[in-house]
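Structural overview for review
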Amino acid sequence: MRGPFTGLDATDLRELGRLGTRRVYAPGEALMIEGEPGDRAAILLTGCVKVVAATEDGGEALLAVRLPGELLGELAVLDGEPRSASVLAVRTSTTREIGGPAFLDFLADRPAAALAVQRSVTRKLRSATRHRVDAGHGTGLARLARTLHTLLGSYGTPGEDGLRIDIPLSHADLAALARLSPASVERSLRTLRDQGAVRTSYRELVVRDQAALARAAGVPLPPGGGGRA
């Protein structure tokens with residue numbers, strides 16, 4: 001599990017567990033819709049969701065991917081503004097959904113939880129800013145490598161032959177995150193495979209050589225060199 005509430009004490013967690021109701025969403029179903037009032041927040045219990053926003057040309061930009069333990073929809077609850085993005089289930093997902101007033105009362109009564117949410121919001125905003133910078137310049141290879149490097153930091157899990165990026169992303173999803181065409185993603189992945197940096201299969205990506213990925217991304221090498229698995 002991840003997310004802002006993992007470090008709360010047992011009392012705060014019990015109180016949080018009493019709030020809201022459980023809901024199950026099918027793949028592709030919308031948990032929250034851009035432009036709607038922020039009437040509730042949700043904790044993702046199982047599954048995987050993606051955060052998307054409409055673009056000026058009528059398309060869809062993939063902004064982030066969220067996994068169990070993470071908090072959804074809190075920005076609109078906190079500032080009272082309409083939702084700035086939609087949240088869609090990537091696979092069958094379960095949430096605990098908490099009405100806005102109850103969520104705000106919980107934060108007012110539980111300073112540790114309020115601080116945890118504040119830190120979580122700050123991390124998300126920093127990550128969004130960093131992503132806009134990283135995806136906005138450089139070659140297609142560098143932009144994809146930086147995107148994978150960022151995903152690795154948040155979602156990398158050890159495997160037999162490297163670190164697996166443990167979220168189900170299609171090439172179209174990677175293209176949206178890196179702001180590239182699917183064809184550019186295909187070419188860049190082929191280059192990274194040829195360099196021994198990654199291994200790919202259907203909706204699976206394993207980073208086999210962190211140092212090679214870092215060089216392609218133009219970022220500092222990981223501590224210890226991060227060589228081939």
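Okay, so let's go over this structure.

Conventions used here
Residues numbered from 1 in each chain as written. Predicted model: local features only at pLDDT ≥ 70, side-chain atom pairs only at ≥ 80, totals over all residues. Heavy atoms only, no water. Pairing = 2+ DSSP bridges. Helix = DSSP H or I, 4+ residues; strand = E, 2+ residues; numbered from the N terminus. Axes fitted to C-alpha atoms, helices over the stretch in contact; angles between N-to-C directions. Salt bridge = Lys/Arg side-chain N within 4 Å of Asp/Glu carboxyl O. Parallel < 35°, antiparallel > 145°, perpendicular 65-115°, else oblique. Contact = heavy atoms within 4.5 Å. Nonpolar A, V, L, I, M, F, W, Y, C, P; charged D, E, K, R; others polar.

**Some details on the sheet that holds strand β9 (residues 198-201)**
Read from one edge of the open sheet, 4 strands run β7-β8-β10-β9, paired in antiparallel fashion. One side of each edge strand has no neighbouring strand; the edge strands of this open sheet are β7 (156-159) and β9. Neighbour-to-neighbour, the strand axes of this sheet turn through a mean angle of 30°, independent of strand direction. Here β7 pairs with strand β8 (residues 162-165) via 4 bridges, running antiparallel. Bridging from a neighbouring strand, proline 158 pairs with leucine 163 of β8.

**Observations concerning the pattern of salt bridges**
Per the counting criterion, the structure on display carries 12 salt bridges. Between glutamate 15 and arginine 18 there is a salt bridge, with the nearest N and O atoms lying 3.0 Å from each other. Taking the shortest distance from any N to any O, the salt bridge between aspartate 161 and arginine 199 comes out at 2.7 Å. Here aspartate 161, found in the loop between β7 and β8, pairs with arginine 199, found in strand β9; they are 38 residues apart in sequence, far enough to count as distant. Taken together, the shared-partner salt bridges in this structure form one network comprising Asp12, Glu15, Arg18 and Arg110.

**With respect to the packing of helix α5 (residues 140-155) against helix α7 (residues 182-194)**
Viewed as axis vectors pointing N to C, α5 and α7 meet at an angle of 75°, and their least axial separation amounts to 9 Å. Our classification of the angle between α5 and α7 gives roughly perpendicular. Together, Gly140, Leu141, Leu144 and Leu148 of α5 and Ser184, Val185, Ser188, Leu189, Thr191 and Leu192 of α7 make up the contact between the two elements. Within the contact of α5 with α7, the residues separate by chemical class into 6 nonpolar, 4 polar and no charged.

**Here's the deal with the pairing of strand β4 (residues 60-66)**
With 6 bridges joining them, strand β3 (residues 40-54) and β4 adopt antiparallel strand pairing. Bridging from a neighbouring strand, valine 52 pairs with leucine 62 of β4. What sits between β3 and β4 in their antiparallel hairpin is a turn of 5 residues, with glycine 58 showing a positive phi close to 85°.

**Some remarks on the side chain of threonine 147**
The topology assignment puts threonine 147 in helix α5. Ignoring anything within four residues of it in the chain, the contact list for threonine 147 reads Leu177 and Ala178.

**Observations regarding the packing of helix α6 (residues 171-178) against α7**
Here α6 crosses α7 at 100°, and the two axes come no closer than 9 Å. When the axes of α6 and α7 are compared, the pair comes out roughly perpendicular. Residue-level contacts link His171, Leu174 and Ala175 of α6 to Pro182, Val185, Glu186 and Leu189 of α7. Residue composition of the contact of α6 with α7, by class: 5 nonpolar, 1 polar and 1 charged.

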